[in-house]
Every structure is written in C-alpha cells, then in structure tokens.
Amino acid sequence: WYEEGFKWKEHRKLLSKKFSDLNESISMSSPTREEAVYCINATINAALKYPLRVANISGTTLREWDTANRKVASRAGALPALAAMVYHLPKDKGGMGLESLEQAVERGQLEAYLEALNSTGLNGEITRAGRRRYQSTRTTLNSEKKSIHAINEGVLAKHGWHIMESEDRKERSEERRV
C-alpha cells in the first residue's frame with residue numbers, strides 16, 4: 001500500500017469505495033433515526049477512522065462523507081434539512097450524536113502525531129527531526145505540502161492551536177549531546 005510522493009491514490013480509491021458501499025447498504029435499509037445514527041457511528045465511521053489516521057483524504061471528501069451520513073440520518077428520521085451542528089452535537093446537548101468523520105479523523109491524526117512527537121526512542125527522534133525539517137522549509141517552494149507534518153500544521157492552524165516543544169525535552173537533548 002505504500003505509494004511514493006504522498007499520493008495516497010490507492011488508499012483514497014479503496015476508502016471511497018468502502019464508504020460508498022457501507023453508506024449505500026444503510027441507505028437501502030429502513031432504520032429508525034437512532035438506528036441510522038448508531039449504524040453510521042459504529043459501522044461506517046469505525047471502519048474508516050483507523051486507516052484515516054495515516055492516509056491523507058482531503059477535508060472536502062470528509063465533509064462530503066459527513067453530508068452523505070447526515071442525509072441518511074435525516075431520511076431515517078423523516079426530518080427536514082437541519083444545521084449540521086444539530087446532527088453532530090452529543091445527545092445530552094440536544095443533538096443526534098452523529099459522529100463527524102472530519103472531526104474524528106482530525107482528532108485521530110493529531111493524537112497519533114503528538115504521540116509520535118512525544119515518544120522516546122528512534123520513532124520520536126525521527127518524527128521530531130522531520131518536524132524541524134518541515135518547519136525550516138514550509139515557506140519555500142520545496143515544502144512538503146502533503147507530509148504528515150504539513151497536514152497536522154493545517155489542522156492546528158484551523159483551530160488556532162500550536163505545538164510547543166517543552167523546555168524539559170530541550171534540556172534533555174542538550175544533556176545528551178554533551
């Protein structure tokens with residue numbers, strides 16, 4: 001499944017087909033609204049979230065998939081078009097509890113990225129070195145726009161967040177060099 005150059009074409013094709021098949025199968029049944037929301041959360045989103053921690057699927061595609069999921073939930077409940085927020089708010093806050101695939105993927109990718117950045121050993125060192133390289137080139141034409149670093153920087157910027165290296169880690173790495 002590895003593709004050179006951060007293209008993800010095979011992953012996109014397989015995941016798009018998987019989404020279409022699962023969404024179509026739920027659409028063809030006649031679930032209640034609660035059943036539709038449960039099936040989407042437990043079947044469609046659950047099947048896609050793990051591979052999407054790594055694969056780069058555009059935000060546009062994820063939003064299209066969220067829209068398709070909302071249509072299924074809307075039809076199942078015989079509801080008029082509602083604001084997206086109503087579908088995705090937790091039930092205890094007056095929503096339907098439909099998980100947003102876009103938000104779940106962003107959260108999963110950030111979790112994996114932060115875990116790698118904070119890990120000790122070779123994996124952490126490689127991830128931190130890649131981040132430093134990305135940060136030093138991100139304003140140049142040679143910037144890796146589809147690297148895991150660029151994708152996560154985009155998510156962080158979207159929410160107004162940023163990652164800071166702790167002083168502790170800097171001190172430890174300086175101690176190792178001496």
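Residues numbered from 1 in each chain as written. Predicted model: local features only at pLDDT ≥ 70, side-chain atom pairs only at ≥ 80, totals over all residues. Heavy atoms only, no water.

A. Structural detail: the pattern of salt bridges. On inspection of all chains with the given rule, the structure shows 10 salt bridges. Note that aspartate 21 and lysine 17 form a salt bridge whose closest N and O atoms lie 3.0 Å from each other. With a gap of four residues between them, aspartate 21 and lysine 17 both fall in helix α1 (residues 9-28), about one helical turn apart. In this structure, lysine 158 and glutamate 106 form a salt bridge, with 2.7 Å as the shortest nitrogen-oxygen distance. Of this pair, lysine 158 sits in helix α7 (residues 148-159) while glutamate 106 is found in helix α5 (residues 101-118), placing the two residues 52 residues apart along the sequence. Bridged by salt links that share partners, the residues Arg63, Glu102, Glu106 and Lys158 form one connected network. (Salt bridge = Lys/Arg side-chain N within 4 Å of Asp/Glu carboxyl O. Helix = DSSP H or I, 4+ residues; strand = E, 2+ residues; numbered from the N terminus.)

B. Molecular detail of the packing of aromatic side chains. Overall, the coordinates contain one aromatic pair when judged by the stated rule. Ring centres 4.9 Å apart and planes at 10° place the aromatic pair phenylalanine 19 and tryptophan 65 in the stacked group. Taken together, the residues span a long stretch of sequence, with phenylalanine 19 in helix α1 and tryptophan 65 in helix α3 (residues 59-76) at a distance of 46 residues. Residue class for phenylalanine 19 comes out buried when judged on its relative accessible area of 5%. In this structure tryptophan 65 comes out as buried when scored by relative accessible area, which is 6%. (Phe/Tyr/Trp six-rings, centres within 6.5 Å; stacked < 30°, edge-to-face > 60°. Buried < 20%, exposed > 50% of the residue type's maximum accessible area, 1.4 Å probe, protein only.)

C. Layout of the packing of α1 against α3. Between α1 and α3, whose axes approach to 10 Å, the crossing angle comes to 5°. One finds that α1 runs roughly parallel with respect to α3. Residue-level inspection shows Leu15, Ser16, Phe19, Asn23, Ile26 and Ser27 of α1 in contact with α3, the latter providing Trp65, Ala68, Asn69, Val72 and Arg75. For the contact of α1 with α3, the class distribution of residues is six nonpolar, four polar and one charged. (Axes fitted to C-alpha atoms, helices over the stretch in contact; angles between N-to-C directions. Parallel < 35°, antiparallel > 145°, perpendicular 65-115°, else oblique. Contact = heavy atoms within 4.5 Å. Nonpolar A, V, L, I, M, F, W, Y, C, P; charged D, E, K, R; others polar.)

D. Local environment of the nonpolar core. Counting 21 residues, the largest nonpolar core has Leu15, Leu48, Leu52, Leu62 and Trp65 as the members making the most contacts within it. When residues of this core are traced back to their parent elements, those giving at least two are α1, α2 (33-49), α3 and α5. Excluding residues within four positions of it along the chain, tryptophan 65 makes contact with Leu15, Ser16, Phe19, Leu48, Leu52, Ile57 and Leu101. (Core = buried A, V, L, I, M, F, W, Y, C linked by side-chain atoms within 4.5 Å.)

E. Up close: α2. The principal kink in α2, of about 30°, is found at isoleucine 40. Along α2, the positions that sit buried rather than exposed are Ala36, Val37, Ile40, Ile44, Asn45 and Leu48. Tucked inside the fold, the buried residues of α2 contact α1, α3 and α5. (Bend = angle between axes of the 7 residues up to and from the residue.)

F. Structural detail: α1. Compared with the 28 Å implied by 1.5 Å per residue over 20 residues, the 28 Å span of α1 between its first and last C-alpha is a close match. Buried within α1 are the following residues: His11, Leu15, Phe19, Asn23 and Ile26. Angular distribution of buried residues about the axis of α1 spans 75°; they occupy a single face of the element. Exposed positions of α1 whose direction lies more than 90 degrees from the buried face are Lys9, Lys13, Lys17 and Met28. (Expected span 1.5 Å × (residues − 1). Arc of directions from axis to C-beta.)

G. Quick peek at the side chain of serine 100. When you line up the elements, serine 100 lands in the loop between α4 (84-88) and α5. Setting aside residues no more than four positions away along its own chain, serine 100 makes contact with Asp66 and His88.

H. Summary view of the environment of glutamine 109. Examined against the element boundaries, glutamine 109 turns out to sit in helix α5. Take glutamine 109: its relative accessible area is 6%, and that puts it in the buried class. Each C-alpha atom of the pair glutamine 109 and lysine 49 lies 9.4 Å from the other, and the pair is 60 residues apart in sequence. Those residues within four positions of glutamine 109 in sequence are excluded, and the remaining contacts are Leu52, Arg53, Ala55, Ile151 and Asn152.

I. Geometry of the packing of α2 against α3. Orientation of α2 relative to α3, taken along the N-to-C sense of each, is 155°, at an axis distance of 8 Å. The angle between the axes of α2 and α3 places the two elements in the roughly antiparallel class. Note on packing geometry: the crossing formed by α2 with α3 is right-handed. Across the interface between the two elements, Arg33, Ala36, Val37, Ile40, Ile44, Asn45 and Leu48 from α2 touch Trp65, Asn69, Val72, Ala73 and Ala76 from α3. Looking at the contact of α2 with α3 residue by residue, the classes come out as nine nonpolar, two polar and one charged. (Left-handed = near helix turned anticlockwise from the far one by under 90°.)

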